[in-house]
Amino acid sequence: MSAERRSRVGLRVVALGYLAGLLLIPVGVVFYRTFEKGLGAFWASITTPAAVHALFLTLEVALISVPLNAVFGVAAAWALVRGRVPGKRLLDALIDLPFAISPVVVGLSLLLVYGRTGWLGPWLTEHGIQVIFSLPGIVLATIFVSMPFVAREVAPVLAEVGEEQEQAAATLGASAWQSFWRVTLPSIRWGIAYGVVLSTARAIGEFGAVSVVSGKISGETDTLTLLVEKRFQNFDLAGAYAASALLAMIALATLVGMTAVGSRRSES
Amino acid sequence: MIAVEHVSKRFGDFTALDDVSLEAPDGKLTALLGPSGSGKSTLLRVIAGLEVPDSGTIVVSGSDATRLPPQKRGIGFVFQHYAAFKHMTLHENVAFGLKIRKRPKADVNAKVGELLHLVGLDGFADRYPSQLSGGQRQRMALARALAVEPSVLLLDEPFGALDANVRGDLRAWLRRLHEEVPVTTVLVTHDQEEAMELADRIVLLRDGKVAQVGAPRELYEQPADSFVMSFLGPVSKLDGRLVRPHDVALSDRPEDGWEEAMVQRVVHLGFEVRVEMVRGDGDEISAQLTRAEAEALEPEAGSIVWLRPPASGVSA
Amino acid sequence: MSVALPIGRRRAGAGVPPGTLAMGTSMLWISVIVLLPLAAVVARSLDGGVDEFWRHVSSRQAVSALRFTLVVALAAAAINAAFGTLIAWVLVRDRFRGKGLVNALIDLPFALPTIVAGLTLLALYGPRSPVGINVALTQAAVLLALLFVTLPFVIRAVQPVLLELDRDMEEAAASLGARPRTIFVRVILPNLSPAILSGAALAFARGVGEFGSVVLISGNIPFHTQVASVFVFKQIESDNPVGAAAVSVVLLLLSLLVLVAIRVLGGWGSRHER
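Only a predicted model underlies this, so the values are computations on that prediction, with no experimental measurement involved. (Residues numbered from 1 in each chain as written. Chains lettered and ligands numbered in written order. Predicted model: local features only at pLDDT ≥ 70, side-chain atom pairs only at ≥ 80, totals over all residues.)

Some details on the overall build of chain B
Defined as follows: Strands here mean DSSP runs of E at least two residues long; helices mean DSSP runs of H or I at least four residues long; both are numbered from the N terminus. Residues with at least 20 other C-beta atoms within 10 Å of their own are called buried, those with 12 or fewer are called exposed, and the rest are partly exposed. The C-beta atoms themselves are positioned from the backbone. Residues are defined as contacting one another if the C-beta atoms placed from their backbone atoms lie within 7 Å.
In terms of helices and strands, chain B carries 9 helices and 18 strands. In terms of principal-axis extent, the alpha carbons of chain B reach across some 75 × 45 × 30 Å. Looking at chain B as a whole, 40% of its 316 residues qualify as buried. Within chain B, contacts between residues separated by at least 24 positions form 63% of all contacts whose residues are at least 6 apart in sequence.

Laid out in structure tokens, this is it:
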């Protein structure tokens, strides 16, 4: 083998070895441990009442957060790319904030606003509205952490598509809204789809912020990720692995979604 | 009719239009011609309502349209890069304006069919723009603009993105289309040949100002200044004047009042022949002869010819 | 027949211009969802005045947690900068069966919940390790967790730059006699460094705040393997919101610094694009 070939293969081995040792083998071990006792045991573990409730709660939260963030994302992308308004640079910087903030800090911040002793605490208690330790709190935390994805994915697509189609629509008589619905939205749909996939994965996988705001009331405010931790703390290792495997499968489905939508996104 | 009255437009420090006034007569094709940066595209977009002028008025079909959005001006606009709605079929593209106006479905389909036939794209109704050639996409764009029966048709360098041979075909096609459907049309182009071939009237722009307005022949034969003359055709310099190489007559015999010159180079340009010469005082000049004239004269490098300076011309 | 409109109205009947509507909606959403809560953190951290703030932030445990977090996040960013560049190189320049699959898998840490990431690392490198490696309850465990979650940042930052890189430069250098290693160090690396640095900065910012992947594997031993986010969590649990808020403010300032640094780096990088 030539020296060039040797070094190329050498680099490949190091790269793949690192990835295997860090990513693949650990995930593989979890799947192995989960299914070594058979499919039945796995199934039983993820269909306990607590698990089923956790799954539904997780999906419910995602179902609320993702569409809201999608609407925000499209609006923000529009403002950044097409808007002739001041404040674009500020908006651009603010959108990135959730990426850089620790999830625990996110949870704390919500506690300090909506908690019993928080800014809105007294008002909420007075009106009998429970945010922290309840669904609304979990939703708010999830919205916070998954906020930037759709905006960040749609903005470049919007920029690339350009304004000409919208201008053509205007010359043909379309109002601003008509132009948006019939021309702009369809042209960015794959950017939105990709952002939604990322946002959903983030929403389902959120742990730190939800840890703080949910109260971890079993069967009520446990999301799937919290269930994993709970089972681990209760020495139900098999149960923790099972729930993890389920989440890992969802994650892999996300990767498939990203690959499928990702290629559509680049063909405008 | 379109009237532009004292329109000015600046982008930051750059003056795109400087007190421009002109008229585009009804049913005629007016070309806005000029080099890049002359303001012609900006002017078209101001007429369309895609840009708002800093001062001046635009009158479309008798009423002041200056503050109207593009939707309300009754215009059709064709973009250089087609601006096709990529996610819609041809049929849906052409139908767009009609659907916006909530026309009944049967009417829409009939009109779309009519237009696709007019532009020679029947049978392509279910294709997507990405499946069409550039020329086909531009014809679709025209059909789409005409679907809403605009009182004015505006074309922004419509053939600029196409290959040279397709350009030629589409130019001829557009001329025939205009004769068949004589909508008041304003066409922006940087190609003087295109303007000469298509326009009833040419407005030549330079640095945001109108250099000259007139019929193509008028601009070619009676240019207002050296810029107009050089832009619209080939020029030769002769004694501080610009003349047309075609107007320089050559003879192999000395004639009364004609000058002597030595041929430096003879270039065969296919249908024409360019004869590059140097005069007695060292000045270079070229003349352009037809093949027939060249065959009669048989000029050769190094031979002496006599040339007659043309009477017309513009000071350089 | 259309009617002339009074001078001064830009567009007839358009209502609120779409750009303003979009900007207004977005800013409102961000303010309510993000800025309001963050303001509450800053406010609560100063509840007892600047002295109290300082007391909480400079407590032995807080300082230990913060210092450990910074060091391990920096280490993880550095290691993943090196390996990330290597992996990006292999993914862009090399060709082998299954490369597309490997490329897709890089995003796994983005898609996988952090708690699951921690559990998977524990499965392979914990007490019941099938390969006999047990790093649970050690500082190495925290490093391992951060390596996992910050893996994609540098890779995804470097890949597009590497793809766009003009091969001409490398060929020119080779024709002038440079060996592959020299070409890499003197031609390729300088063009990659802005991307590597911004990727590493993002990895660092992420590492500093990491929580889920660390909690199970590190044991959260105070003064040893406790990271800042766990410290904050413990303060919340012990009903010490001011202390939690104070340390959170430190973390927030750090994040802000990194975000600004990334923006500055972005501007620096494009300087070379000529």
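On we go.
Here we look at the overall build of chain C
The test is simple: The reference for a compact globule is 2.2 Å times residues^0.38; the radius of gyration itself is calculated from the C-alpha atoms.
Along its length, chain C carries 12 helices and 0 strands. Traced from its N-terminal end to its C-terminal end, chain C shows the element sequence α-α-α-α-α-α-α-α-α-α-α-α. Scaling as 2.2 N^0.38, a compact globule of 274 residues should have a C-alpha radius of gyration of about 19 Å, whereas chain C reaches 24 Å, well beyond that. Projected onto its principal axes, the C-alpha coordinates of chain C cover approximately 85 × 70 × 35 Å. Across the 274 residues in chain C, those meeting the buried criterion constitute 44%. Here the contacts in chain C between residues at least 6 apart in sequence split such that 79% fall between residues at least 24 apart.

Describing the domain arrangement of chain B
For the record, the criterion: Note that the domain bounds reflect an automated or database-derived domain assignment.
As far as domains go, chain B holds domain 1 (2-227) and domain 2 (235-315). Centre-to-centre separation of domain 1 of chain B and domain 2 of chain B, based on C-alpha positions: 40 Å.

Thoughts on the confidence of the model for chain C
All names here are of chain C. Our working rule: Values of pLDDT, which run from 0 to 100, indicate the predictor's confidence residue by residue.
Chain-level statistics for chain C give a pLDDT mean of 88 and a share of 92% at 70 or above. Confidence scores differ between elements of chain C, with helix H8 (residues 167-175) showing the lowest mean pLDDT of 84 and helix H3 (residues 60-93) the highest of 95. Across residues 1-14 the pLDDT falls below 50, and counting only partners more than four positions away or on other chains, this stretch makes 20 contacts in the model. Predicted complex, confidence summary: ipTM 0.90, pTM 0.85.

Observations concerning unusual backbone geometry
At A:Phe235, a position not held by glycine, the phi torsion is positive, near 60°. Tracing the chain through its elements places A:Phe235 in the loop between helix H14 (224-233) and helix H15 (237-266). Even without glycine at this site, B:Tyr82 takes up a positive phi of about 70°. For B:Tyr82, the location among the structural elements is in the loop between strand E6 (75-78) and helix H2 (90-100).

Quick look at the interface of chain A and chain C
So the rule is basically this: Throughout, the ten residues Ala, Val, Leu, Ile, Met, Phe, Trp, Tyr, Cys and Pro are labelled nonpolar, Asp, Glu, Lys and Arg are labelled charged, and all others, Gly among them, are labelled polar.
Facing the 67 residues of chain A at the interface are 64 residues of chain C. Sorting elements by how many residues they give to the side of chain A that touches chain C places helix H1 (residues 3-35) of chain A first, with 15 residues. Tallied by class, the residues present in the side of chain A that touches chain C amount to 49 nonpolar, 11 polar and 7 charged.

Notes on the packing of helix H3 (residues 49-81) of chain A against helix H4 (residues 88-95) of chain A
Residues and elements named next belong to chain A. Definition in use: Axis angles are defined between N-to-C directions and span 0 to 180 degrees, where every axis is a line fitted to C-alpha atoms and, for a helix, only to the segment in contact. Comment on the angle field: the value is read as roughly parallel under 35 degrees, roughly antiparallel over 145, roughly perpendicular from 65 to 115, and oblique elsewhere. The crossing is said to be left-handed when, going from far helix to near helix, the turn is anticlockwise and less than a right angle, and right-handed when the turn is clockwise.
Close contact between H3 and H4 brings their axes to 9 Å; oriented N to C, the two are set at 140°. The orientation of H3 with respect to H4, classified from their angle, is oblique. Pair H3 / H4 crosses with left-handed handedness. Seen from H3, the contacting residues are Ala 76, Ala 79 and Leu 80; seen from H4, they are Lys 88, Leu 91, Asp 92 and Ile 95. Split by residue class, the contact of H3 with H4 holds 5 nonpolar, no polar and 2 charged.

Side note on the pairing of strand E10 (residues 209-214) of chain B
Condition: Think of it this way: DSSP has to see at least two bridges between two strands before they count as a pair.
Relative to E10(B), strand E9 (residues 201-206) of chain B is paired through 5 bridges, and the arrangement is antiparallel. Along E10(B), the bridge assignment pairs B:Leu205 with B:Val210.

Describing helix H9 (residues 148-161) of chain A
For an α-helix, the turn length of 3.6 residues means that residues three or four places apart are oriented alike. All names here are of chain A. Rules: Given the number of residues in a helix, its expected span is that number minus one, multiplied by 1.5 Å.
Helix length check: H9, at 14 residues, gives a terminal C-alpha distance of 21 Å against a target of 20 Å (1.5 Å per residue), a fit within 8%. Of all 14 residues in H9, 10 are buried, a share of seventy percent or more. Considered for burial, the residues of H9 that qualify are Pro 148, Phe 149, Val 150, Ala 151, Arg 152, Glu 153, Val 154, Ala 155, Val 157 and Leu 158.

Here we look at the pairing of strand E15 (residues 272-279) of chain B
Residue and element names in this part refer to chain B. Examined bridge by bridge, strand E14 (residues 259-268) and E15 share 7 bridges and lie antiparallel to one another. Considered in E15, the bridge of Val 263 is made with Met 277. In textbook terms, the turn of a hairpin is the stretch between consecutive antiparallel strands, and for E14 and E15 this stretch comprises 3 residues, one of which, Gly 270, has a positive phi near 90°. If you look at the hairpin formed by E15 and strand E16 (residues 284-290), you'll find 4 residues sitting between the two strands, and Gly 282 has a positive phi there, around 90°.

Remarks on the environment of C:Leu46
Residue and element names in this part refer to chain C. Structurally, the position occupied by Leu 46 is in the loop between helix H1 (18-45) and helix H2 (49-57). C-beta crowding within 10 Å serves as the criterion here: with 14 such atoms nearby, Leu 46 is assigned to the partly exposed category. In sequence terms Leu 46 and Val 249 are 203 residues apart; their C-alpha atoms lie 9.8 Å from each other.

Some words on the interface of chain A and chain B
At the interface, 14 residues of chain A touch 20 residues of chain B. For the side of chain A that touches chain B, the secondary structure elements donating two or more residues are helix H10 (164-171) and helix H11 (176-187) of chain A. Along the lines of polarity and charge, the residues of the side of chain A that touches chain B split into 6 nonpolar, 7 polar and 1 charged.

Focus on the sheet that holds E14(B)
All names here are of chain B. The 5 strands lie next to each other as E13-E17-E14-E15-E16, forming an open sheet whose pairing is antiparallel. Of all the strands in the sheet, the pair left with one neighbour each is strand E13 (249-251) and E16. Strand-to-strand twist of the sheet, defined as the mean angle between neighbouring strand axes without regard to direction, takes the value 45°. By the bridge criterion, 4 bridges tie E14 to strand E17 (residues 304-308) in an arrangement that is antiparallel. The residue bridging Glu 259 from the neighbouring strand is Leu 307, located in E17.

Structural notes on the packing of H3(A) against helix H12 (residues 189-205) of chain A
The description of two packed helices rests on the angle between their axes and on the distance between the axes. Residue and element names in this part refer to chain A. The N-to-C vectors of H3 and H12 enclose an angle of 140°; their axes lie 9 Å apart at closest approach. With respect to their mutual orientation, H3 and H12 come out oblique. Crossing of H3 against H12: the hand is right-handed. For the pair H3 and H12, contact is made by Thr 58, Val 61, Ala 62, Ser 65, Val 66, Asn 69, Ala 70, Gly 73 and Val 74 and by Ile 192, Gly 195, Val 196, Ser 199, Thr 200, Ala 203 and Ile 204, respectively.

Focus on the sheet that holds strand E5 (residues 63-64) of chain B
All names here are of chain B. The 4 strands are arranged E2-E1-E4-E5 in an open sheet whose pairing can be described as antiparallel. Two strands in the sheet have a free side with no partner beyond their single neighbour: strand E2 (14-24) and E5. As paired elements, strand E4 (residues 55-60) and E5 share 2 bridges and run antiparallel to each other. In the sheet register, Val 59 faces E5, and the bridge partner there is Asp 64. Across the sheet, helix H1 (residues 40-48) lies against strand E1 (2-11), E2 and E4, angled at about 120° from E1, the strand it touches most.

A look at the environment of A:Leu68
As for its placement among the helices and strands, A:Leu68 is situated in helix H3. When the C-alpha positions of A:Leu68 and A:Ile143 are compared, they lie 8.0 Å apart, and in sequence the two are 75 residues distant.

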